[in-house]
Amino acid sequence: MMDDILPAELPLFAVWVIKAVVIFGSLISAAGITTLAERKVSAWIQYRIGPNRVGPFGLLQPLADGVKFIFKEELVPDGANRLMFRLAPMITAAPAMMCIAVIPFAGEVVIGNYNLGNLSITDLSVSVLYVGALTGLGIYGIILGGWSSNSKFSLMGAMRASAQMVSYELTLLLAILSVVLLAGSLDLRAIAESQASSAEGGIGVWNMFLQPVAFVLFIIAMFAETNRHPFDFAECEPELVGGFHTEYSSMKFALFFLGEYCAIIVMCCLVTTFFLGGYDVPFWDSAPWFIQLASFVAKAACFIFLFLWVRWTLPRFRYDQLMGLGWKVMLPLALVNVTVTGAVVSFGWSPLITPVLAVAALIPGVILFARSNPGEASLTGHALSEEGSAS
Amino acid sequence: MLIDYAPVLVLLAVVAAFASGGVIVSELLGRTRPAIAKGSAYECGTSGIGNARLRLSIHFYLVAVLFIIFDVETLLLVPWAASAKSFAEAGVGGIVFAQVAAFLFVLGLGLVYEWRKGGMTWDR
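Residues numbered from 1 in each chain as written. Chains lettered and ligands numbered in written order. Predicted model: local features only at pLDDT ≥ 70, side-chain atom pairs only at ≥ 80, totals over all residues.

Draft legend 1. Spotlight on the overall build of chain A. Helices and strands together make up the secondary structure of chain A, namely 15 helices and two strands. Viewed in the frame of its principal axes, chain A has a C-alpha envelope of about 80 × 60 × 40 Å. Counting over 391 residues, chain A shows a buried share of 53%. Put simply, of all contacts in chain A between residues at least 6 apart along the chain, 77% involve residues at least 24 apart. (Helix = DSSP H or I, 4+ residues; strand = E, 2+ residues; numbered from the N terminus. Buried ≥ 20, exposed ≤ 12 C-beta atoms within 10 Å, placed from the backbone. Contact = placed C-beta atoms within 7 Å.)

In structure tokens, the structure reads:
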């Protein structure tokens, strides 16, 4: 028998390479499938059919798109900084793809006789900082791409994207901090496992219910962070043509595109890990790894669908509304939520009262806000009617 | 454990190979037929007017400066957030929280000041 000869432990380096290649391959495939899903969902919402020519149900469409991107003509604008113009797509795509390294997809994987360890490329003790650092790095590629194209639309799109991403990154970090407070760890796997009912001292409730404010803030911030609708000012077609990638074509454009979808997938994985218990299967603590993986993928897929759904349902914000929402609403809310959660954890109260306290602390804030800024009602979508009455 | 970071480097190699490989392959395989119009920056079909290095709204820089202030302050909270639970278990949760609350209060004052000064209002 083969099993008797082969060792149960593979060499460490082989495990690293296998995990990196398999998980990275899955990420790229998932990004391709998401592009197809985007077109299919938009078609469904708009009562069209969508791509249905390439392969059964158009399933091979992403592959066809990829081949087309490779054979397309490369265009570099005359005044462009050629080196930066080539580097920018890679600098944008790489951080989004690198984030996948710390995401815990499932527990210990055992295939046949081989124990491959936990299903994630690695488990860092400071995963949260790693993710925060990499989401920050994505801005460099966008601003380099916009600046080096020597085009007005590109530069404006890049400036908008960078200002928006830095504004919402604060809220994103503060929302994560509330979860870190509850889990008492910066390790993503520890955070996921702290929500399982088998966790030591845990109460087996997902952070979604313990941290509703942080959950909502995180979801809004992740839309802004990935430059997606309703916050896609970096590339809103009526104003800026293509935004920072106006001048890009062929594989360089494809890298921006892939980077955006990889960022979406990573964000969905993060929200699953932080707020939905990661790979926790409800009421089944000792689920095998493939069930855990299926649970994780199902949760993340729901959020990916949310991204597509929102894109084809909601209208776009105005830029000043976006900045107002980020700095005047989300940042104070996130600070209040961190303070309340910190008090609950520090004084050793039950985490179950966090949502009650957080909402109670928000009510006076909301009243103060509404009193001091009557005009700010435009944040909630009254802008058009107000403008109409003013003109 | 420093060895935990080694798989990150492996992934970095895979990602770098994918990204640079894609760009290089498409530059080799894609056909090139240069033309004057193709090289000009897109400006809705007309020839470009003026320099593309625009003067931008000062608000972008203000946002960047504010971001640095608040981001550094958020990062200062990270070590506390990770260890607040152990502080509570050691029985010093209250005193540590009082210190953090003082810090958060100053941070909140800064936010209010910035708000009052109009630093967060985009269209003025």
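Okay, back to it.
Draft legend 2. Highlighting the overall build of chain B. Scanning chain B from N- to C-terminus turns up four helices and zero strands. Computed over C-alpha atoms, the radius of gyration of chain B comes to 25 Å, more than 25% over the 14 Å expected from 2.2 N^0.38 for 124 residues, which places it beyond the range of a compact globule. Over its C-alpha atoms, taken along the principal directions, chain B stretches across nearly 75 × 50 × 15 Å. A total of 124 residues make up chain B; the buried ones form 22% of that total. (Rg over C-alpha atoms; globule rule 2.2 N^0.38 Å.)

Draft legend 3. Representation of the interface of chain B and chain A within the structure. Contact residues are listed per partner, giving 62 residues for chain B and 74 residues for chain A. Of all the elements in the fold, those that place two or more residues in the side of chain B that touches chain A are α1 (6–29), α2 (36–39), α3 (59–89) and α4 (93–116) of chain B. Counting residues per element, the side of chain B that touches chain A draws most heavily on α1 of chain B, which supplies 17 residues. Grouping the amino acids of the side of chain B that touches chain A by side-chain chemistry returns 41 nonpolar, twelve polar and nine charged. (Nonpolar A, V, L, I, M, F, W, Y, C, P; charged D, E, K, R; others polar.)

Draft legend 4. Up close: the packing of helix α6 (residues 152–183) of chain A against α3 of chain B. Between α6 of chain A and α3 of chain B, the least distance of the axes is 9 Å, while the angle of their chain directions is 15°. Of the possible angle classes, the one that applies to α6 of chain A and α3 of chain B is roughly parallel. Here α6 of chain A runs over α3 of chain B; the crossing is left-handed. Contacts between α6 of chain A and α3 of chain B involve Met-159, Ala-163, Val-166, Ser-167, Leu-170, Leu-173, Leu-174, Leu-177, Val-180 and Leu-181 of chain A from the former and Phe-60, Val-63, Ala-64, Phe-67, Phe-70, Asp-71, Thr-74, Leu-77, Val-78, Ala-81, Ala-82 and Ala-84 of chain B from the latter. Residues of the contact of α6 of chain A with α3 of chain B, tallied by class, amount to 19 nonpolar, two polar and one charged. (Axes fitted to C-alpha atoms, helices over the stretch in contact; angles between N-to-C directions. Parallel < 35°, antiparallel > 145°, perpendicular 65-115°, else oblique. Left-handed = near helix turned anticlockwise from the far one by under 90°.)

Draft legend 5. Main features of the nonpolar core. Residue and element names in this part refer to chain A. Counting 152 residues, the largest nonpolar core has Phe-218, Cys-262 and Ile-265 as its most contacted members. With 22 residues, the top contributor of residues to this core is α6. Every residue in contact with Cys-262, bar those within four places of it in the chain, is listed here: Leu-27, Ala-31, Ala-93, Ala-96 and Met-97. (Core = buried A, V, L, I, M, F, W, Y, C linked by C-beta atoms within 7 Å.)

Draft legend 6. Quick look at the pairing of strand β2 (residues 114–119) of chain A. Residues and elements named next belong to chain A. Relative to β2, strand β1 (residues 106–111) is paired through five bridges, and the arrangement is antiparallel. Following the sheet pairing, Ala-106 is matched in β2 by Leu-119. As consecutive antiparallel partners, β1 and β2 are separated by two residues, and within that stretch Gly-112 has a phi angle of approximately 60°, a positive value. (Pairing = 2+ DSSP bridges.)

Draft legend 7. Up close: the environment of Val-100 of chain B. Of note, Val-100 of chain B is situated in helix α4. Between the alpha carbons of Val-100 of chain B and Leu-76 of chain B there is a distance of 9.9 Å; along the sequence they are 24 residues apart. Residues in contact with Val-100 of chain B, not counting those within four places in the same chain, are Gly-342 of chain A together with Trp-80 of chain B.

Draft legend 8. Focus on α1 of chain B. Under the 1.5 Å per step criterion, the end-to-end length of α1 of chain B is 34 Å for 24 residues, consistent within 8% with the ideal 34 Å. Here α1 of chain B has its buried residues at Pro-7, Val-10, Leu-11, Val-15, Ala-19, Gly-22, Val-23 and Ser-26 of chain B. Among the structural elements, α2 (12–45), α3 (61–71), α4 (82–98) and α11 (250–275) of chain A are those in contact with the buried residues of α1 of chain B. (Expected span 1.5 Å × (residues − 1).)

No statement about biological role is implied by the geometric values presented.
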